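# Topology and contacts: notes
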Amino acid sequence: MTTSHPIRFVSLGPGEPDLITLKGFKALQTADCIFCPATMTRDGKSSSRALSILDTLGFSDTVQCFRLPMDKDRTQALKAYEAVYESSKTLRAEGKNIVIVAEGDAGLYSSIHYIYDKLREDGIPVEQIAGIPAFIASGAMAGMHIVSREERLIILPGLVTTKELENYLKQQTVVVIMKLSQCVEEVHQCINSHPEYQYHYFENVGTEKEYYSCSNEELREKRFPYFSVMIIRF
C-alpha cells in the first residue's frame, strides 16, 4: 500500500513548547509515528530536549526515539540516521504518516538533514516545516533588535578564530555564534581584546534553566555549555 503523504521534518523550536509553529503542531497531530532524537553520553545516559517538548505537547504515545552519541566521530550517528531513514521509508510504504523532529529549525545546523537528503534522492516526497532557531528566541528573550536598517548579520558555527571575529566586527557585521562551547578560548580572547563590543550570551533558551548575560566581567571567565549562543554587536 502506498500513500501520498510526504515525510515531514518538523522544527520544534529552541525548547519552549509554545514556540512550535501552528503548522508544525498540526503535522504532529496527524502523525502515526514521530521519530525523535535523543543524546547518548559515553556513560550510557540518554536525554532529549525534543522528547520533553513532545511530552508537554501531548505526543509521547506516537514517539520513537533514536539515540545519537555525543562524539565528534559521526560513525555511530550516521548509523542511527540510516536506521531512521530505512524505518521511515518502510512505514510510509505501509500507509503511515511519518514525522521526524528537530530542535530549533530543521534547516539550520541540523544533522537530521542527512535523512531528508537521502529520502529526496530516493524520490520520496519530503516536507520541511520551519521553526524558530535559538538565536531568534534569544534575541526576543533579551528584548534585542538583532539587526536594523542596513546592518549585516553572519551566523557562525563554533569553529571560528578570534581574528575572524575581529574582522567581521570591524566591518560592522553583527555576529551570531552557534555551538559556542567549541570556541570558548577564542571568544574569551575577543572579549578581553575588545571590551567596546556588546556581547550577549544565552544558554538553555526556552527552558526553565534559560540564562542571559551581557556582563563582560562575567563572560570573560565563563565556560560555555553545549546549549549556548552568543550575539555580538559592534
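The present account deals with the structure reproduced in this document. Quantities reported herein were computed from a predicted structural model and do not represent experimental measurements.

Our focus in this paragraph is the packing of aromatic side chains. Under the defined criterion, the tally for this structure stands at eight aromatic pairs. Between the aromatic rings of Phe9 and Tyr116, the centroid separation amounts to 5.2 Å while the plane-to-plane angle is 75°, which identifies the pairing as edge-to-face. Of the two residues, Phe9 sits in strand β1 (residues 7–11) while Tyr116 sits in helix α4 (residues 113–121), which places them 107 residues apart along the sequence. Here Tyr81 and Tyr114 contribute two aromatic rings whose centre-to-centre distance is 6.1 Å and whose plane-to-plane angle is 35°, an arrangement assigned as tilted.

What follows covers the packing of helix α6 (residues 162–170) against helix α7 (residues 184–193). With their axes 8 Å apart at the nearest point, α6 and α7 run at an angle of 50° to one another. Here α6 is positioned oblique relative to α7, judged by the angle of their axes. Along this stretch, α6 crosses α7, giving a crossing that reads as right-handed. Only Glu186, Val187, Gln189, Cys190 and Ser193 of α7 make contact with α6, whose side of the interface consists of Thr162, Leu165, Glu166 and Leu169.

This paragraph deals with the pattern of salt bridges. By the definition in use, this model includes eight salt bridges. Its salt-bridge partner being Lys222, residue Glu203 comes within 3.7 Å of it at the nearest N-O pair. Residue Glu203 is located in strand β9 (residues 198–203), and its partner Lys222 is located in the loop between α8 (216–219) and β11 (228–233); the two are separated by 19 residues in the primary sequence. The network of salt bridges with common partners includes Arg8, Lys23 and Glu127.

What follows is about the nonpolar core. As a rule of thumb, nonpolar side chains are buried together in soluble globular proteins. In this structure, Ile7, Phe9, Phe35, Ile100, Ile115 and Leu119 are the most contacted members of the largest nonpolar core, which totals 22 residues. For this core, the secondary-structure elements that each account for two or more residues are β1, β2 (33–40), β4 (63–69), α3 (75–93), β5 (98–102) and α4. Each residue touching Ile7, except ones within four places of it in the same chain, is listed here: Ser88, Lys89, Arg92, Ile98, Ile100, Leu119, Ile124, Pro125, Val126 and Glu127. Among the nonpolar cores identified, the runner-up in size contains 20 residues, and Val160, Ile177, Val184 and Tyr197 belong to it.

Our next topic: the sheet that holds strand β10 (residues 211–213). If you trace the five strands from one edge of the open sheet to the other, you get β7-β8-β11-β9-β10, paired in mixed fashion. Only two strands of the sheet have a single partner each, and these edge strands are β7 (152–156) and β10. This sheet shows a mean twist of 15° between the axes of neighbouring strands, independent of strand direction. The sheet contact formed by strand β8 (residues 173–177) and β11 spans three bridges and is antiparallel. The partner of Ile177 across the bridge, within β11, is Met230. In this fold α6 packs onto β7, β8 and β11, with an angle of close to 145° to the strand it touches most, β8.

Conventions we followed
Residues numbered from 1 in each chain as written. Predicted model: local features only at pLDDT ≥ 70, side-chain atom pairs only at ≥ 80, totals over all residues. Heavy atoms only, no water. Phe/Tyr/Trp six-rings, centres within 6.5 Å; stacked < 30°, edge-to-face > 60°. Helix = DSSP H or I, 4+ residues; strand = E, 2+ residues; numbered from the N terminus. Axes fitted to C-alpha atoms, helices over the stretch in contact; angles between N-to-C directions. Parallel < 35°, antiparallel > 145°, perpendicular 65-115°, else oblique. Left-handed = near helix turned anticlockwise from the far one by under 90°. Contact = heavy atoms within 4.5 Å. Salt bridge = Lys/Arg side-chain N within 4 Å of Asp/Glu carboxyl O. Core = buried A, V, L, I, M, F, W, Y, C linked by side-chain atoms within 4.5 Å. Buried < 20%, exposed > 50% of the residue type's maximum accessible area, 1.4 Å probe, protein only. Pairing = 2+ DSSP bridges.

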